[in-house]
Amino acid sequence: MSVVVEVVERVTAELVEAFGRLLPQLSSGAKPLDEEALVRIVGCETNRVLVARGDGGRIVGTLTLVVFPVPSGVRARVEDVVVDAEARGQGVAGELSRYALGLAGEAGARSVDLTSRPERAAANRLYERLGFERRESIVYRFTISAAGAAG
């Protein structure tokens, strides 16, 4: 499969449809994104939403690169990488990732972080082949409930 990666510049009906198809493949708990939600995501100055188009131009994958300045330098994170089930194993995630790494470097990021669940064996192998190194770290998560933050 030939893959073309592009940065999303504007939200279209095609993009809304693609996220509606792809996001549930990433997370069963992900809520559907409407056009307004995608406009907020694409329009956020720290985000670069990438899409991969396969043969015929159909969107077959997406990745969000987040680049942000902090006191210790420019940081970057890869978030929400998902490739359509029928396009997996054909280099889509690799193309998305390489493109994102290039953008992060252009933005002055010193490093790019991502997280991946252990059961995503193929994804973890890909990240290691791309040069990502596993870090000894503890990730903490505080979940904000509907009632609000802890007080």
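The structure we're discussing is the one just above.
Residues numbered from 1 in each chain as written. Predicted model: local features only at pLDDT ≥ 70, side-chain atom pairs only at ≥ 80, totals over all residues. Heavy atoms only, no water.

### Some details on the overall build of the chain
Broken down by element type, the chain carries 4 helices and 5 strands. Reading the secondary structure of the chain in the N-to-C direction produces β-α-α-β-β-β-α-β-α. On C-alpha atoms alone, the chain measures out to a radius of gyration of 16 Å, which is about the 15 Å that the 2.2 N^0.38 rule sets for 151 residues. For the chain, the C-alpha atoms occupy an extent of roughly 50 × 35 × 30 Å along the three principal directions. Buried positions account for 34% of the 151 residues belonging to the chain. Of the roughly 9700 Å² of accessible surface on the chain, a fraction of 51% belongs to carbon and sulfur atoms. (Helix = DSSP H or I, 4+ residues; strand = E, 2+ residues; numbered from the N terminus. Rg over C-alpha atoms; globule rule 2.2 N^0.38 Å. Buried < 20%, exposed > 50% of the residue type's maximum accessible area, 1.4 Å probe, protein only. Areas by Shrake-Rupley, 256 points an atom, 1.4 Å probe, with all protein chains shown as cover.)

### Re the pairing of strand β3 (residues 59-70)
Where burial is concerned, most of β3 is hidden: 9 out of the 12 residues are buried. Pairing geometry for strand β2 (residues 47-53) and β3, over 7 bridges, is antiparallel. Looking across to β3, one finds that Arg 53 is bridged to Ile 59. The antiparallel pairing of β3 with strand β4 (residues 73-83) creates a hairpin that spans 2 residues between the two strands. (Pairing = 2+ DSSP bridges.)

### Describing helix α3 (residues 92-106)
If you check α3, its first and last C-alpha atoms are 22 Å apart, about what 15 residues at 1.5 Å a residue would give, namely 21 Å. For α3, the complete set of buried residues consists of Val 92, Ala 93, Gly 94, Leu 96, Ser 97, Ala 100, Leu 103 and Ala 104. Buried-residue contacts for α3 involve β1 (4-7), β2, β3, β4, β5 (112-113) and α4 (121-129). Positive backbone phi, at 90°, marks Gly 108, one or two positions downstream of α3. (Expected span 1.5 Å × (residues − 1). Contact = heavy atoms within 4.5 Å.)

### Digging into the packing of aromatic side chains
Within this structure, the stated rule accounts for 1 aromatic pair. The interplanar angle of 70° and the centroid separation of 5.8 Å between the aromatic rings of Tyr 127 and Phe 132 together place this pair among those described as edge-to-face. Neither residue differs from the other here; Tyr 127 and Phe 132 are each classed as buried. (Phe/Tyr/Trp six-rings, centres within 6.5 Å; stacked < 30°, edge-to-face > 60°.)

### As for the pattern of salt bridges
Two side chains bearing opposite charge may form a pair once their charged atoms approach each other closely. The full count for this structure, using the stated rule, is 11 salt bridges. We note a salt bridge from Arg 40 to Glu 36, for which the minimum N-O separation is 3.4 Å. In this pair, Arg 40 and Glu 36 both sit in helix α2 (residues 35-43), 4 residues apart, roughly one turn of the helix. For the residue pair Arg 40 and Glu 36, the accessibility class agrees, reading exposed in each case. Three or more residues joined by partner-sharing salt bridges are found here, namely Glu 17, Arg 21, Arg 58, Asp 84 and Glu 86. (Salt bridge = Lys/Arg side-chain N within 4 Å of Asp/Glu carboxyl O.)

### Brief notes about the sheet that holds β5
With mixed pairing, 5 strands are arranged side by side in an open sheet as β1-β2-β3-β4-β5. Since the sheet does not close on itself, it has two edges, and those belong to β1 and β5, each with one partner. The sheet contacts of helix α1 (residues 13-26) involve β2, β3 and β4, and relative to β3 the element is tilted by about 85°. (Axes fitted to C-alpha atoms, helices over the stretch in contact; angles between N-to-C directions.)

### Digging into unusual backbone geometry
A positive phi angle, near 50°, is found at Asp 80, a position not held by glycine. The topology assignment puts Asp 80 in strand β4. The partly exposed category is assigned to Asp 80, whose relative accessible area is 43%.

### Points about the nonpolar core
Grouped together as the largest cluster of nonpolar side chains are 24 residues, with contacts concentrated most on Leu 50, Ala 52, Leu 63, Leu 65, Ala 76, Val 92 and Leu 96. Among the secondary structure elements, those contributing two or more residues to this core are β2, β3, β4, α3 and α4. Residues within four places of Ala 52 in sequence aside, it is in contact with Val 3, Val 4, Val 5, Arg 58, Ile 59, Val 60, Gly 61, Val 92 and Leu 96. (Core = buried A, V, L, I, M, F, W, Y, C linked by side-chain atoms within 4.5 Å.)

From the geometry alone we can't say anything about function, so treat these as descriptive.
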